[in-house]
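Chain and residue survey
The chain contents come next:
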Protein chains: 2
Amino acid sequence: MRSGPALDAETILTATEEVLRRHGPAKATVLDVARALGVSHASVYRHFPSKAALREAVARRWLGRAREPLAAVAADTRQAAPERLRTWLTTLFTAKRHLMSDDPELFATYRVLVAEHSSAFADHVDGLVEQLRVIIADGVGSGDFTSPDPAATARTVFAATMAYHHPAHAPEWQAPEAEAALEAVCALLINGLRPR
Amino acid sequence: MRSGPALDAETILTATEEVLRRHGPAKATVLDVARALGVSHASVYRHFPSKAALREAVARRWLGRAREPLAAVAADTRQAAPERLRTWLTTLFTAKRHLMSDDPELFATYRVLVAEHSSAFADHVDGLVEQLRVIIADGVGSGDFTSPDPAATARTVFAATMAYHHPAHAPEWQAPEAEAALEAVCALLINGLRPR
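Rules behind the numbers
- Residues numbered from 1 in each chain as written.
- Chains lettered and ligands numbered in written order.
- Predicted model: local features only at pLDDT ≥ 70, side-chain atom pairs only at ≥ 80, totals over all residues.
- Heavy atoms only, no water.
- Helix = DSSP H or I, 4+ residues; strand = E, 2+ residues; numbered from the N terminus.
- Contact = heavy atoms within 4.5 Å.
- Lys, Arg positive; Asp, Glu negative; His and termini not counted.
- Charge placed at Lys NZ, Arg CZ, Asp CG, Glu CD.
- Buried area = accessible area lost by both parts, 1.4 Å probe.
- Polar contact = N/O pair within 3.5 Å; in protein donor to acceptor, adjacent residues only side chain to side chain.
- Nonpolar A, V, L, I, M, F, W, Y, C, P; charged D, E, K, R; others polar.
- Expected span 1.5 Å × (residues − 1).
- Bend = angle between axes of the 7 residues up to and from the residue.
- Buried < 20%, exposed > 50% of the residue type's maximum accessible area, 1.4 Å probe, protein only.
- Least-squares fit on C-alpha atoms with pLDDT ≥ 70 in both.
- Core = buried A, V, L, I, M, F, W, Y, C linked by side-chain atoms within 4.5 Å.
- UniProt positions renumbered as here; feature names shortened; annotations may be inferred.
- Salt bridge = Lys/Arg side-chain N within 4 Å of Asp/Glu carboxyl O.
- Domains from an automatic or database assignment.

Here the focus is the overall build of chain A. For chain A, the helix and strand inventory stands at nine helices and zero strands. Overall, chain A shows an N-to-C arrangement of helices and strands of α-α-α-α-α-α-α-α-α. Contacts in chain A between residues far apart in sequence, at least 24 positions, make up 68% of those at least 6 positions apart. Across chain A, the centroid of the 22 positively charged side chains sits 4 Å from that of the 23 negatively charged ones.

Next up, the structure:
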């Protein structure tokens, strides 16, 4: 059995990620996680009441980490809103594309976990749309954009760039023209947001 | 054996559609088609050299039929280009949504056939993008739109509306807010196309 610092939730989540990577999402069990940590599975259940709760927490942590660099872009008021919007959408696209190409198996694992926990995914999308809302509202404030409802406009921009962040389209992201295609969509959307 | 008018390609395709509907894409055979027509399977092979060729022809005919009402919208110069673009995108969305909700099994069958024949699908997308190009070029001509390259802009508009025509997003099309969401994307894109 494990000695040393007390078992905390973060340690369990990190071990679960490693177990998921090693065994795949279909085979990974709570017992595997407990074994990897050198603890009883009761110790794991003390932090996460079920296997589903543990997997959801892994999915949420992963999605949260994915939002971090985007939050930094959204908050970077040194960039004017139109340029910031373009940077945000490009950052989202390139991050997803790298994730997909660098480690397709891990990407597939997280897709399984996220699909199992649709509320985690819905919260993630809400978080992303909120970041877009901030950029659009800043643009309205500076006179670069016009929008009667930045939150609704944020959803519209998210929907109009679906081909560049929804994993169903991942097979097309490696195409050499994908980045220029996103760039063209961004230019059209930014133009559509400008006041006239 | 069959009597009456000589067997033509269209008759075979119609029978194949019926067989696919009855047996599903995994089980349907050329022999089933021949049986349904009361002919030998050699008679079918005289028109289509292989099962793959027959299935591709069914996919192409289906996709061609799907483009017909859209071609009528694209060519309807009584509508100004911005309104025509909106009508075209909405027609594409509602046609796909109906197809999906009215007969999900048939929709799934055609998805299998189209996935088998990626060149048929690529040609279909090219055909749709060409219709969009006509609308955009008309808009440039009338001064409603600006675009240095209507063909490229047509691809951009098609990409920006992916969530409303790509079957990966079909599960979301039944949501009550889907139509308003597409409407918002259309408005943003049309705004983005306007000269300033």
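For the rest of this paragraph, the subject is the interface of chain A and chain B. Facing 20 residues of chain A, the contacting portion of chain B comprises 20 residues. With both chains or domains summed, chain A and chain B bury close to 1700 Å², and 64% of this area falls on carbon and sulfur atoms. The largest share of the area that chain A buries against chain B comes from A:Thr156, A:Leu188 and A:Arg196, three residues that together contribute 33% of it. Across the contact surface, chain A and chain B share seven residue pairs in polar contact (both at pLDDT 80 or more). Among the secondary structure elements, those contributing two or more residues to the side of chain A that touches chain B are α8 (150–160) and α9 (178–193) of chain A. Sorting elements by how many residues they give to the side of chain A that touches chain B places α9(A) first, with seven residues. Partitioning the side of chain A that touches chain B into residue classes produces 13 nonpolar, five polar and two charged.

Residues and elements named next belong to chain B. Taking 1.5 Å of rise per residue, 25 residues should cover 36 Å, and helix α4 (residues 51–75) covers 36 Å from first to last C-alpha, within 8% of that figure. Approximately 30° is the largest bend angle found in α4, and it occurs at Glu 68, with the proline Pro 69 only one to four residues beyond. Within the span of α4, buried status applies to Leu 54, Arg 55, Ala 57, Val 58, Ala 59, Arg 61, Trp 62, Leu 63, Leu 70, Val 73 and Ala 74. The inward-facing, buried residues of α4 contact α1 (9–23), α2 (30–37), α3 (41–47), α5 (81–102), α6 (104–116) and α7 (118–142).

Turning next to the relation of the copies chain A and chain B. When chain A is fitted to chain B, the best match, at an RMSD of 0.0 Å, comes from turning it 180° and sliding it 0.0 Å along the axis. On this basis, the relationship between the two copies can be described by a two-fold rotation axis. Proximity to the rotation axis, assessed at the C-alpha, singles out A:Gly192 in chain A; its C-alpha lies 1.7 Å from the axis.

Residues A:Leu85, A:Trp88, A:Val157, B:Leu85, B:Trp88 and B:Val157 are the most contacted members of the largest nonpolar core, which totals 70 residues. Apart from the residues within four sequence positions on either side, A:Leu85 is in contact with A:Leu132, A:Ile135, A:Phe145, A:Val157, A:Ile190 and A:Leu193. B:Leu20, B:Ala28, B:Val30 and B:Leu113 belong to the second-largest nonpolar core, a separate cluster that totals 25 residues.

Attention now goes to the UniProt feature "DNA-binding region" (unreviewed entry) in chain A. The positions UniProt marks with the feature "DNA-binding region" (unreviewed entry) are residues 29–48 of chain A. Across residues 29–48 of chain A one finds 75% helix and 0% strand; the C-alpha atoms that close the span lie 13 Å apart.

Before going further, it helps to spend a moment on the environment of B:Arg35. Residues and elements named next belong to chain B. Assignment of secondary structure puts Arg 35 in helix α2. The class for Arg 35 is exposed, based on a relative accessible area of 59%. Each C-alpha atom, one on Arg 35 and one on Pro 104, is 26 Å from the other, the two residues being 69 residues apart in sequence.

With that settled, consider the pattern of salt bridges. Summed over the entire model, instances satisfying the criterion amount to 30 salt bridges over all chains. As a salt-bridge pair, A:Arg78 and A:Asp76 come within 2.9 Å of each other at their nearest N and O atoms. For A:Arg78, a relative accessible area of 75% puts it in the exposed group. When the shortest N-O distance is used, the salt bridge between B:Asp126 and B:Arg155 registers 2.6 Å. With B:Asp126 in helix α7 and B:Arg155 in helix α8 (residues 150–160), this pair connects stretches of sequence that are 29 residues apart. Judged by its relative accessible area of 37%, B:Asp126 falls in the partly exposed class. Classification of B:Arg155 by relative accessible area gives partly exposed; the value is 43%. Beyond isolated ion pairs, a larger network of salt bridges with shared partners links A:Glu10, A:Glu17, A:Arg61 and A:Arg65.

All names here are of chain A. Its location among the elements puts His 165 in the loop between α8 and α9. His 165 gets classed as buried once you look at its relative accessible area, which sits at 4%. A distance of 2.9 Å separates a polar atom in the side chain of His 165 from the backbone oxygen of Phe 158.

Look at the UniProt record and you will see "domain: HTH tetR-type" (unreviewed entry) annotated at residues 6–66 of chain A. Split by type, residues 6–66 of chain A is 75% helix and 0% strand. Its first and last C-alpha atoms lie 28 Å apart.

Moving on, we come to the environment of B:Ala159. Tracing the chain through its elements places B:Ala159 in helix α8. C-alpha separation for the pair B:Ala159 and B:Val129, spaced 30 residues apart in sequence, amounts to 9.9 Å.

How big an interface is tends to be stated in terms of accessible area lost as the parts join. Residue and element names in this part refer to chain A. For chain A, the assigned domains read domain 1 (9–47) and domain 2 (63–193). Here the C-alpha centre of domain 2 lies 31 Å away from the C-alpha centre of domain 1. Taken together, the four residues of domain 1 in the interface contact seven residues of domain 2. Taken together, the two surfaces of domain 1 and domain 2 that pack against each other cover about 520 Å², and 55% of this comes from carbon and sulfur. Considering only the side of domain 1, the residues that lose the most area to domain 2 are Glu 17, Arg 21 and Pro 25, jointly responsible for 80% of the buried surface there. The interface formed by domain 1 and domain 2 contains two salt bridges. Residue Arg 65 is joined to Glu 17 by a salt bridge in which the shortest nitrogen-to-oxygen separation is 2.7 Å. The interface formed by domain 1 and domain 2 contains three residue pairs in polar contact (both at pLDDT 80 or more). Within the side of domain 1 that touches domain 2, the residues separate by chemical class into two nonpolar, no polar and two charged.

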